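The residues making up each chain are set out below.
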Amino acid sequence: MLDKEGIAKRIAKEVKDGFYVNLGIGIPTLVANFVRDDIQVEFQSENGILGMGPFPFEGEEDADLINAGKQTITALPGASFFDSAMSFGMIRGKHVDLTILGAMEVAENGDIANWKIPGKMVKGMGGAMDLVASAENIIVAMMHTNRAGESKLLKRCSLPLTGVGCVTKIVTNLAVLEVTDKGFKLLERAPGISVQEIRDATEGTLIVEGDIPEMQLN
Amino acid sequence: MLDKEGIAKRIAKEVKDGFYVNLGIGIPTLVANFVRDDIQVEFQSENGILGMGPFPFEGEEDADLINAGKQTITALPGASFFDSAMSFGMIRGKHVDLTILGAMEVAENGDIANWKIPGKMVKGMGGAMDLVASAENIIVAMMHTNRAGESKLLKRCSLPLTGVGCVTKIVTNLAVLEVTDKGFKLLERAPGISVQEIRDATEGTLIVEGDIPEMQLN
Amino acid sequence: MIKKTVDNVQDALDGVHDGMTFMLGGFGLSGIPENAISELVRLNLKNLTCISNNAGVDDFGLGLLLRKKQIDKMISSYVGENAEFERQMLSGELDVELTPQGTLAAKCQAAQQGFPAIFTPAGYGTEVAEGKETREFDGKMYVLEEAYKADFAFVKAWKGDEAGNLIFKGTARNFNPLMCGAAKVTVVEVEELVKPGELDPNQIHIPGIFVQRIFQGKDYEKRIEKRTVRSK
Amino acid sequence: MIKKTVDNVQDALDGVHDGMTFMLGGFGLSGIPENAISELVRLNLKNLTCISNNAGVDDFGLGLLLRKKQIDKMISSYVGENAEFERQMLSGELDVELTPQGTLAAKCQAAQQGFPAIFTPAGYGTEVAEGKETREFDGKMYVLEEAYKADFAFVKAWKGDEAGNLIFKGTARNFNPLMCGAAKVTVVEVEELVKPGELDPNQIHIPGIFVQRIFQGKDYEKRIEKRTVRSK
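If you're wondering where the values come from, they're calculated on a predicted model, not measured in any experiment.

Chemist: Teacher, can you tell me more about the overall build of chain A here?
Modeler: A count of helices and strands for chain A gives five helices and 15 strands. The C-alpha radius of gyration of chain A comes to 17 Å, within 12% of the 17 Å expected for a compact globule of 218 residues. Here the C-alpha coordinates of chain A stretch approximately 50 × 40 × 30 Å along the principal axes. Evaluated residue by residue, chain A yields a buried proportion of 63% over its 218 residues.

This is the structure we're talking about:
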């Protein structure tokens, strides 16, 4: 079973040379740490920066330089700042190659829910609805089950949706899965996890074809 | 009867303190020369400058600094450059206070035609359609009659329209007229021109109420 | 050159009153119009509608107005940093219209540029699109979203000149430029107010035509919401 | 940082072919992609559709392609500086779609930013709106105009870096920024190509994400269409 860093590590392998990538809050943020050094990648943060760098050194934080999670950041050489209209123009115009975000639920048709629990939690969708409605390559990073042990990969989402039929791939602590017309197609198992364990943790339709390889993390 | 400079001089009196003004090609361009020095005015050119100044001195022309008529210009202190989307955003968003442009025909309902003579001349509308569709204060600068001596102030335009019901005021070589619900309302006569001469040169409905004063040009 | 300068925040806010709709720039606490917010608190205006991507934190930014119950309705994309906000929302004291961030940006910019409405794919198929017109273009579904209407826009810029030309800094730019000219009156506070001609006309983010009033702001706290650092 | 540099105009135009639709920046002869136009002439591509605010003059700019009858269709707002253009148009050799300048700008920017269509008041009640959907918002009529689709956008910038970040100069900016990312492939030529980090990230007009290829242009004539001066 993977921890959060393991999930981020596995997702980092999906980041290809020349990709512009938008990382959501939480596990996705960690992905930046594991992207290969020998490929060219730029990170976009939807509040208005392209070419986002690591956190600043202590004492060099700038209130005018933050990411979408409101964390202080730095800008790399070749970076640019822009307003929120242009930022979402990039997203809506499909110029961002890969979007990685967390989810509370994903359905086997690619629906995603991650912004609201009626009556309990309403923080808002931020940029997530724009991202999932526009991106063509959306990877969800999340735990396979919630704290109560219930599957987060469902036949249909029970929570209010963030977007419909948009998720392409899911990387969890147990598996890598692709969203297909027929359901979640199992691509890889986490180290030490059996197909049966994944089947037990998946409420939605799970498609298992042939031998399922174990993830290669390095 | 006024010459072109006279028309420009009279229109300059319509330019008020604090106005952003868009000047069309031809007579309107001359208006800038006659605006009072003691008021604050900025000229916008729709190709992408606010704070347009006079022509450059010889030898100081810059191919990267032109107005909408493709003439070399200068930028005054406080000027700004911007792209065509923002430029027409200013226009469409009604941030420009006054638009002055030429016309081939104006109708008594405020319709204007100035971009095309079918089969003879098709230069295109440039920014004129955007300007007349958005501006709330549109003054037409033109000769009262065409070269054949026919009225250019008509009941209905015969040429393809540039915009509908948009012209607010007309300044010609003969008169100043306001477009009203009932037709062209005569406001002022050019020096030495009689109401009858204006009536003879106006095909559209002319409204004459009381004594019509002569224009004051200074 | 058309001068837009006013002497202070009081003059800048002349004409505001209860029940108005305001746009406020900023993302999180970055680039928020601190001076305008302080004055709105001091004036104790009530029954306000505020269009702002976030709602501040409990003791800073729009949180200051929320605490005094000056706001009846918030239009925002993300409000998760503010406990008092959540309390007022769940109790029904506060009306909240949650809008996708890119849609919020587009609706401000549409108001600025005279577009009556825009089509966006964001929110299609979700509760955000409920009751709204949807439409297909090239096989993809879009939601029709109308431009915002507001009485005042409160904007924070880095540098500005007396003609109202503005330059923003870093990610403090965010929604600020989009709100200029998107309300009936746009009030801008700047960290540095300069003479016309001091800013390069090629580097102006927002031309002065979109601004009605500009003033030199003061006492900026520029609070950092989440200080994250790495070790050397 | 993602490198976008190519060595020369030939590499930059790799993939162009007959029958394609191109966007070309510039207003009049100001800010036109001179290098790309020369190469298009040399390649002698035929049956092109060109989206460009103007059509050059008889012996410069897009006029060079018109003279060789490479263009089947022009989408422009103003074409009055070009006698050969007028001849081809009136004879029916050239298909011309005249579009209001602000609409042309908006349709490019819509393509760049993923808006499928926009509503504009420009052209309502005129032949430009014939056959198009119109609609009332707040008592005013608007025309629905769909975003452009193009294969290549040819853009001229003043300075650019290897990451594709662009800065334009003066009124040579015009349509150039709006066409970046509005076509499948955006090719940018610059007067000065610099290393990443040399341009202030706060002063980038167009971020590199909208650019696929960038190259150092050469032999710029930068012809002035109407030289107007005043005496000292």
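Chemist: Would you take a moment to explain the overall build of chain C for this structure?
Modeler: The number of helices and strands found in chain C is six helices and eleven strands. Against the compact-globule benchmark of 17 Å for 232 residues, chain C has a radius of gyration of 18 Å, which places it among compact chains. With the principal axes as the frame, chain C shows a C-alpha extent of 50 × 50 × 40 Å. Every one of the 232 residues in chain C was classed for burial, and the buried ones make up 65%. Here chain C holds 28 positive side-chain charges and 33 negative ones, and the gap between their average locations is 4 Å.

Chemist: It is not clear to me how the interface of chain A and chain C should be interpreted in this structure. Could you clarify?
Modeler: As a measure of interface size, the accessible area lost when the parts come together is often cited. Contacts between the two partners involve 51 residues from chain A, matched on the other side by 52 residues from chain C. Both faces combined, the contact of chain A with chain C buries some 4200 Å², and carbon together with sulfur accounts for 58% of it. Broken down residue by residue, the surface that chain A buries against chain C is led by Asp64, Lys70 and Lys123 of chain A, which jointly contribute 19%. Viewed at the interface, chain C and chain A are joined by six salt bridges. With a shortest N-O distance of 2.6 Å, Asp64 of chain A and Lys222 of chain C are connected by a salt bridge. Taken together, chain A and chain C are joined by 25 residue pairs in polar contact (both at pLDDT 80 or more). Listing elements by their share of the side of chain A that touches chain C, those giving two or more residues are β4 (74–81), α3 (84–92), β9 (121–122) and α4 (128–134) of chain A.

Chemist: Just checking my understanding: could you explain the sheet that holds strand β11 (residues 153–154) of chain A for this structure?
Modeler: Strands pair in a sheet through their backbones, by hydrogen bonds, and they do so in one of two ways: parallel or antiparallel. Residue and element names in this part refer to chain A. The mixed open sheet is built from three strands, whose spatial order is β7-β6-β11. Either end of the sheet is taken by a strand with one partner, and the two such strands are β7 (112–113) and β11. As defined by bridge partners, strand β6 (residues 105–107) adjoins β7 across two bridges and the pair is classed as antiparallel. When the bridges of β7 are listed, Glu105 appears paired with Ala113.

Chemist: Sorry, what's going on with the interface of chain D and chain B here?
Modeler: Contacts between the two partners involve 52 residues from chain D, matched on the other side by 51 residues from chain B. Carbon and sulfur atoms supply 58% of the area that chain D and chain B bury against each other, a total of about 4200 Å² over both sides. Considering only the surface of chain D that becomes buried against chain B, Thr171, Thr228 and Arg230 of chain D emerge as the three largest contributors, covering 16% of it. The interface formed by chain D and chain B includes six salt bridges. One salt bridge in this structure joins Lys232 of chain D and Glu60 of chain B, with 3.8 Å as the shortest N-O distance.

Chemist: Please explain the pairing of strand β5 (residues 117–120) of chain D as it appears in this structure.
Modeler: Successive residues of a regular strand alternate their side chains across the two faces of the sheet. All names here are of chain D. Of the two faces of β5, the one carrying Ala117 and Phe119 and the one carrying Ile118 and Thr120 are both buried. In terms of strand pairing, β5 meets strand β7 (residues 140–146) through four bridges, oriented antiparallel. Each residue of the ladder has a partner; that of Thr120, found in β7, is Val143.

Chemist: What am I meant to see in the packing of aromatic side chains here?
Modeler: Centre-to-centre distance and the angle between the planes together describe a pair of aromatic rings. Under the counting rule described, the total for this entry stands at eleven aromatic pairs over all chains. Taking 5.8 Å as the distance between ring centres and 15° as the angle between the ring planes, the aromatic pair formed by Phe152 of chain C and Phe154 of chain C counts as stacked. Note on accessibility: Phe152 of chain C and Phe154 of chain C belong to one class, buried. Measuring from ring centre to ring centre gives 6.1 Å for Phe22 of chain D and Phe152 of chain D, while their planes differ by 90°; the resulting arrangement is edge-to-face. Of the two residues, Phe22 of chain D is situated in strand β1 (residues 21–24) and Phe152 of chain D in strand β8 (residues 152–161); the sequence distance between them amounts to 130 residues. Neither residue differs from the other here; Phe22 of chain D and Phe152 of chain D are each classed as buried. Three or more aromatic residues joined by ring pairs form one cluster here, namely Phe119, Phe137 and Tyr142 of chain C together with Phe119, Phe137 and Tyr142 of chain D. Here Lys70 of chain A stacks its cationic end above the ring of Phe27 of chain C, 4.8 Å away from the centre of that ring. Looking at Lys159 of chain C, its charged tip hangs above the ring of Trp158 of chain C, at a distance of 4.6 Å from the centre.

Chemist: In this structure, what is going on with the side chain of Asn54 of chain C? I would like to understand it.
Modeler: Relative to the helices and strands, Asn54 of chain C resides in the loop between β2 (48–51) and α3 (63–67). At a separation of 2.9 Å, a polar atom in the side chain of Asn54 of chain C contacts the side chain of Asn53 of chain C. If we skip the residues at most four places from it in the chain, Asn54 of chain C touches Lys70 of chain A together with Gly26, Phe27, Gly28, Leu62, Met74, Ser76 and Tyr78 of chain C.

Chemist: Explain the sheet that holds strand β1 (residues 19–23) of chain B to me, please; I cannot follow it from the model alone.
Modeler: Residue and element names in this part refer to chain B. The ten strands lie next to each other as β4-β3-β2-β1-β5-β10-β12-β13-β14-β15, forming an open sheet whose pairing is mixed. On the outer flanks of this sheet lie β4 (74–81) and β15 (206–207), each paired with one strand and no other. Judged from the four bridges that link them, β1 and strand β2 (residues 41–45) form a sheet pairing that is parallel. Its bridge partner being in β2, Phe19 is matched across the sheet by Val41.

Chemist: Looking at this model, I keep getting lost on the confidence of the model for chain C. Mind explaining?
Modeler: Should the pLDDT be low somewhere, the predicted coordinates at that spot are not to be read in detail. Per-residue confidence for chain C averages 97 on the pLDDT scale, and 100% of its residues sit at or above 70. Model confidence for the complex: the whole-complex pTM is 0.97, and ipTM, which rates the interface, is 0.97.

Chemist: When you look at the pattern of salt bridges in this model, what are you seeing that I'm missing?
Modeler: When the charged atoms of two side chains lie near each other, side chains of opposite charge can form a pair. Applying the stated rule across the entire model yields 58 salt bridges over all chains. Here Lys3 of chain C and Glu162 of chain C are joined by a salt bridge, their closest N and O atoms 3.7 Å apart. Highlighted residues: Lys3 of chain C in the segment before α1 (9–12) and Glu162 of chain C in the loop between β8 (152–161) and β9 (166–167), separated in sequence by 159 residues. Taking relative accessible area as the criterion, Lys3 of chain C reaches 44% and is therefore assigned partly exposed. Arg223 of chain D is the partner of Glu221 of chain D in a salt bridge, and the nearest nitrogen-oxygen pair spans 2.7 Å.

Cut-offs applied
Residues numbered from 1 in each chain as written. Chains lettered and ligands numbered in written order. Predicted model: local features only at pLDDT ≥ 70, side-chain atom pairs only at ≥ 80, totals over all residues. Heavy atoms only, no water. Helix = DSSP H or I, 4+ residues; strand = E, 2+ residues; numbered from the N terminus. Rg over C-alpha atoms; globule rule 2.2 N^0.38 Å. Buried < 20%, exposed > 50% of the residue type's maximum accessible area, 1.4 Å probe, protein only. Lys, Arg positive; Asp, Glu negative; His and termini not counted. Charge placed at Lys NZ, Arg CZ, Asp CG, Glu CD. Contact = heavy atoms within 4.5 Å. Buried area = accessible area lost by both parts, 1.4 Å probe. Salt bridge = Lys/Arg side-chain N within 4 Å of Asp/Glu carboxyl O. Polar contact = N/O pair within 3.5 Å; in protein donor to acceptor, adjacent residues only side chain to side chain. Pairing = 2+ DSSP bridges. Phe/Tyr/Trp six-rings, centres within 6.5 Å; stacked < 30°, edge-to-face > 60°. Lys NZ or Arg CZ within 6 Å of the ring centre and 35° of its normal. pLDDT = per-residue confidence, 0-100.

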